[in-house]
Amino acid sequence: MESFTITSKKVLTLVLVIDKAEQKVLLGYKKRGFGAHLWNGFGGKVEPGETTREGALRELEEEAGITVKTEDFKKAGILLFQFENDPVALETHVYKSYEYQGLIRECEEMRPQWFAFADVPYDQMWEDDRIWLPMLLNGQDPFYGRMYFKRKPVEDTKEIETTVTSVVNTSTSTHVNHSTTMTGTSFTTAQPKSGPFAMCDYQLEHSLQGVPREIALDGTIASFEN
Ligand SMILES: CNc1ncnc2c1ncn2[C@@H]1O[C@H](COP(=O)(O)OP(=O)(O)OP(=O)(O)O)[C@@H](O)[C@H]1O
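Residues numbered from 1 in each chain as written. Predicted model: local features only at pLDDT ≥ 70, side-chain atom pairs only at ≥ 80, totals over all residues.

The subject of this paragraph is the overall build of the protein. When you go through the protein residue by residue, the secondary structure sums to 2 helices and 12 strands. Reading the protein from its N end, one meets helices and strands in the order β-β-β-α-β-β-β-α-β-β-β-β-β-β. A burial count over the protein gives 34% of its 226 residues as buried. Of the contacts made within the protein by residues no fewer than 6 positions apart, 72% connect residues no fewer than 24 positions apart. (Helix = DSSP H or I, 4+ residues; strand = E, 2+ residues; numbered from the N terminus. Buried ≥ 20, exposed ≤ 12 C-beta atoms within 10 Å, placed from the backbone. Contact = placed C-beta atoms within 7 Å.)

The biggest cluster of nonpolar side chains holds 46 residues, and the ones touching the most others in it are V15, L60, L79, V94, W132, M147 and F149. Elements supplying a minimum of two residues to this core: strand 1 (8-19), strand 2 (24-30), helix 1 (52-64), strand 4 (74-83), strand 5 (88-97), helix 2 (129-137), strand 7 (143-151) and strand 10 (197-205). Looking at this core, the element that brings in the most residues is strand 1, giving 6 residues. In this structure, W132 is in contact with L79, F143, G145 and L204, ignoring residues within four places of it in sequence. (Core = buried A, V, L, I, M, F, W, Y, C linked by C-beta atoms within 7 Å.)

Another point: the UniProt feature "domain: Nudix hydrolase" (unreviewed entry) in the protein. The positions that UniProt labels "domain: Nudix hydrolase" (unreviewed entry) are, in the present scheme, residues 8-137. For residues 8-137, the end-to-end C-alpha separation is 30 Å, with 17% helix and 37% strand making up the annotated structure. (UniProt positions renumbered as here; feature names shortened; annotations may be inferred.)

Mean pLDDT over the protein stands at 86; residues scoring 70 or higher make up 81%. Segment residues 156-172 is flagged for pLDDT under 50; beyond a separation of four residues in sequence, or across chains, it makes 31 contacts in the model. Confidence over residues 174-192 falls short of pLDDT 50; this stretch has 52 contacts with residues more than four positions distant or in other chains. In the model output, the complex is listed with pTM 0.85 alongside ipTM 0.96. (pLDDT = per-residue confidence, 0-100.)

Now for the site of the ligand. Neighbouring residues of the ligand: 17 residues in total, closest L12, G43, G44, K45 and W126. When contributions to the shell around the ligand are tallied by element, the ones reaching two or more residues are strand 1 and strand 5. The leading source of residues in the shell around the ligand is strand 1, at 3 residues. (Near = placed C-beta within 6 Å.)

Glancing now at helix 1. For helix 1, built from 13 residues, the straight-helix expectation of 18 Å at 1.5 Å per residue is met to within 8% by its first-to-last C-alpha distance of 18 Å. For helix 1, the secondary structure elements touched by its buried residues are strand 1, strand 2, strand 5 and strand 6 (110-116). Following helix 1 by one or two positions, G65 adopts a phi angle in the positive range, close to 80 degrees. (Expected span 1.5 Å × (residues − 1).)

Another point: unusual backbone geometry. The general pattern is negative phi for most residues beyond glycine and trans for most peptide bonds. Between D141 and the following residue, P142, the backbone shows a cis peptide bond with an omega angle of 0 degrees. If you trace the backbone, P142 turns up in the loop between helix 2 and strand 7. One non-glycine residue, S207, lies in the positive phi region at around 55 degrees. Along the chain, the position of S207 falls in the loop between strand 10 and strand 11 (212-215).

Looking now at the environment of G102. The topology assignment puts G102 in the loop between strand 5 and strand 6. Sequence-wise, G102 and I66 are 36 residues apart; in three dimensions their C-alpha atoms are separated by 4.9 Å.

The pairing of strand 1 with strand 5 spans 10 bridges and is classified as parallel. Bridge pairing in strand 5 places L16 opposite K96. When strand 1 meets strand 2, the two strands line up antiparallel, connected through 3 bridges. Bridge pairing in strand 2 links V17 to L26. (Pairing = 2+ DSSP bridges.)

To continue, consider helix 2. Looking only at helix 2, the buried set comprises D129, I131, W132, L133 and L136. Along helix 2, the residues classed as buried sweep out an arc of 170 degrees about the axis, all on the same side. Looking at the packing, one finds that the buried side of helix 2 touches strand 1, strand 3 (39-40), strand 4, strand 5, strand 7 and strand 10. Phi for G139, located one or two positions after helix 2, is positive at around 75 degrees. (Arc of directions from axis to C-beta.)

What follows is the structure in structure tokens.
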């Protein structure tokens with residue numbers, strides 16, 4: 001994991017609004033920027049002077065036009081995204097709400113749409129979403145995950161061979177180690193076509209006793225929320 005060493009991190013947010021009665025989740029189609037052409041929750045960078053909660057609520061209002069009351073807004077977990085040969089990790093604070101106020105509307109960055117839990121378009125989302133989003137939808141939060149990404153080769157050749165070298169599965173944690181032979185970039189069925197990165201490894205712990213507040217640079221949980 002030498003090439004995945006990190007020296008700093010950027011703090012991001014990701015918000016999932018859920019209609020529990022209808023078993024639907026609100027996602028947004030990202031029209032531009034990082035993760036363009038993928039469906040995802042709403043969120044973005046936390047601005048100076050803002051808490052992660054404030055940043056998450058602001059992005060939800062900007063990108064989907066809706067607000068959530070503080071008491072309904074729950075921290076679901078933290079995901080640390082690490083990229084090969086990039087010392088800056090993305091520490092993403094994930095929030096969820098079963099309630100919202102206002103009218104959902106599109107903006108120049110995001111097109112919101114409701115999806116039944118069974119119809120979430122995982123093949124058009126970041127690859128890590130299919131790992132943690134089902135847990136969030138099933139109420140198995142709080143969770144903590146670390147996801148590792150490699151840049152896809154530029155040339156668009158045909159095949160990709162993926163070998164699962166180790167799988168460790170316990171009731172509350174999953175660790176999968178993929179060794180990927182990067183002979184091609186045909187990520188057609190299982191992976192997003194448009195993203196320049198491929199996930200090569202991840203760790204996830206869910207149903208944690210507490211809600212992680214921060215991840216240290218060595219990847220461990222630095223502190224829990226009170
Ligand atoms: C690598 N695997 C990933 N899996 C799932 N989600 C991911 C992600 N990597 C980034 N994300 C999310 O994508 C949004 C980017 O936000 P991003 O557009 O960069 O921020 P912001 O809106 O502040 O940008 P502008 O500066 O306005 O363009 C933000 O919610 C962030 O949590």
